[in-house]
Amino acid sequence: NAGVMQNPRHLVRRRGQEARLRCSPMKGHSHVYWYRQLPEEGLKFMVYLQKENIIDESGMPKERFSAEFPKEGPSILRIQQVVRGDSAAYFCASSRIDRDLGEQYFGPGTRLTVT
Amino acid sequence: EDQVTQSPEALRLQEGESSSLNCSYTVSGLRGLFWYRQDPGKGPEFLFTLYSAGEEKEKERLKATLTKKESFLHITAPKPEDSATYLCAVQVSGNTGKLIFGQGTTLQVKP
């Protein structure tokens, strides 16, 4: 049973470019969460999605960041016009639909470097 | 404001030297408390969920306990392979399931 998959594992972008991060949840999971881990900081919640719905985006910066989880395919976190401060590790987690907001299982992360 | 604080920030132990990591939380209502292990360059690995005061969970050399204000992760006779950062997180009642993390405790076990 494959775990949460994220790609790419490493992503380098120049300032002003766009970054697209992908997350495939564990089999049987339909809840997806995105977290960001800045250097020397803890994990911070960004957004929570179910298929075709954004449930909670209270941790997402208001500008340049967006997320989606389409009916088919992976969840995508999109960062437009990246700046150096966006350099961080971005983690996706998933949980099962029949567990009441239960355990979240994390992927290996995408490490974004903005030059 | 919902908050999670872990102590100590870093802990060095000799192999076999038991100790405890602390996670203090201040939340409006606790739905669940989670412990994760994170190795450098990897994603957090789920260890335990605790839901109510008095609850305990064990896995190999690790034991997690929960009170109304804090949780402890006890490590008995640790081995070098237990070296990692241990993260504590809470889910708050009435919220959407997002996890609020502490800063973590980095454990180093020397042979």
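Structure shown above.
Residues numbered from 1 in each chain as written. Chains lettered and ligands numbered in written order. Predicted model: local features only at pLDDT ≥ 70, side-chain atom pairs only at ≥ 80, totals over all residues. Heavy atoms only, no water.

## Points about the nonpolar core
No. 1: The biggest cluster of nonpolar side chains holds 24 residues, and the ones touching the most others in it are Leu33, Trp35, Leu73 and Tyr86 of chain B.
No. 2: If you list the elements that add at least two residues to this core, you get β2 (10-14), β3 (19-26), β4 (30-38), β5 (45-50), β7 (62-66), β8 (70-75), β9 (84-92) and β11 (105-110) of chain B.
No. 3: Top contributing element to this core by residue count: β9 of chain B, with five residues.
No. 4: Counting 23 residues, the second-largest nonpolar core is a separate cluster that includes Met26, Trp34, Val82 and Ala88 of chain A. (Core = buried A, V, L, I, M, F, W, Y, C linked by side-chain atoms within 4.5 Å. Buried < 20%, exposed > 50% of the residue type's maximum accessible area, 1.4 Å probe, protein only. Helix = DSSP H or I, 4+ residues; strand = E, 2+ residues; numbered from the N terminus.)

## Brief notes about the sheet that holds strand β8 (residues 75-79) of chain A
The strands making up a sheet are joined through hydrogen bonds of the backbone, oriented either antiparallel or parallel.
Residue and element names in this part refer to chain A.
No. 1: Reading across the sheet, the four strands line up as β1-β3-β8-β7 and stay open at both edges, with antiparallel pairing between neighbours. Only two strands of the sheet have a single neighbouring strand rather than two, namely β1 (5-7) and β7 (65-68). Here the average twist between neighbouring strands, direction ignored, is 15°. (Pairing = 2+ DSSP bridges. Axes fitted to C-alpha atoms, helices over the stretch in contact; angles between N-to-C directions.)

## So, the packing of aromatic side chains
No. 1: Applying the stated rule across the entire model yields nine aromatic pairs over all chains.
No. 2: Taken together, a centroid distance of 5.8 Å and an interplanar angle of 90° make the contact between tyrosine 35 of chain A and phenylalanine 101 of chain B edge-to-face. A residue pair is termed interchain when its members come from two chains, as with tyrosine 35 of chain A in strand β4 (residues 29-37) and phenylalanine 101 of chain B in strand β10 (residues 100-101). When sorted by exposure, tyrosine 35 of chain A lands in the same class as phenylalanine 101 of chain B, which is buried.
No. 3: Aromatic pair tyrosine 36 of chain B and phenylalanine 101 of chain B: ring centres 6.0 Å apart, planes at 45°, arrangement tilted. Linking tyrosine 36 of chain B in strand β4 with phenylalanine 101 of chain B in strand β10, this pair joins segments that are 65 residues apart in sequence. (Phe/Tyr/Trp six-rings, centres within 6.5 Å; stacked < 30°, edge-to-face > 60°.)

## Quick notes on the interface of chain B and chain A
When the parts of a complex come together, some accessible area is lost, and that lost area is often used as the size of the interface.
No. 1: Chain B puts 21 residues into the contact, and the matching count from chain A is 24 residues.
No. 2: A combined buried area of about 1,600 Å² lies between chain B and chain A, and 51% of that area is made up of carbon and sulfur atoms.
No. 3: Per-residue buried area on chain B facing chain A is highest for Thr96, Lys98 and Phe101 of chain B; these three make up 29% of the total on that side.
No. 4: On inspection of chain B and its partner chain A, the count reaches zero salt bridges.
No. 5: At the surface where chain B touches chain A, the tally comes to eight residue pairs in polar contact (both at pLDDT 80 or more).
No. 6: Elements with a contribution of two residues or more to the side of chain B that touches chain A: β4, β5 and β9 of chain B.
No. 7: The element contributing the most residues to the side of chain B that touches chain A is β4 of chain B, with four residues. (Contact = heavy atoms within 4.5 Å. Buried area = accessible area lost by both parts, 1.4 Å probe. Salt bridge = Lys/Arg side-chain N within 4 Å of Asp/Glu carboxyl O. Polar contact = N/O pair within 3.5 Å; in protein donor to acceptor, adjacent residues only side chain to side chain.)

## Remarks on unusual backbone geometry
The phi angle of most residues is negative, glycine excepted, and most peptide bonds adopt the trans form.
No. 1: Cis rather than trans, the peptide bond between asparagine 7 of chain A and proline 8 of chain A has omega equal to 0°.
No. 2: Looking at where proline 8 of chain A falls in the secondary structure, it is placed in the loop between β1 and β2 (10-13).
No. 3: The peptide bond linking serine 7 of chain B to proline 8 of chain B adopts the cis configuration, its omega dihedral lying at -10°.
No. 4: Note that proline 8 of chain B resides in the loop between β1 (3-7) and β2.
No. 5: Positive phi is not limited to glycine here, since glutamate 60 of chain B has a value of about 55°.

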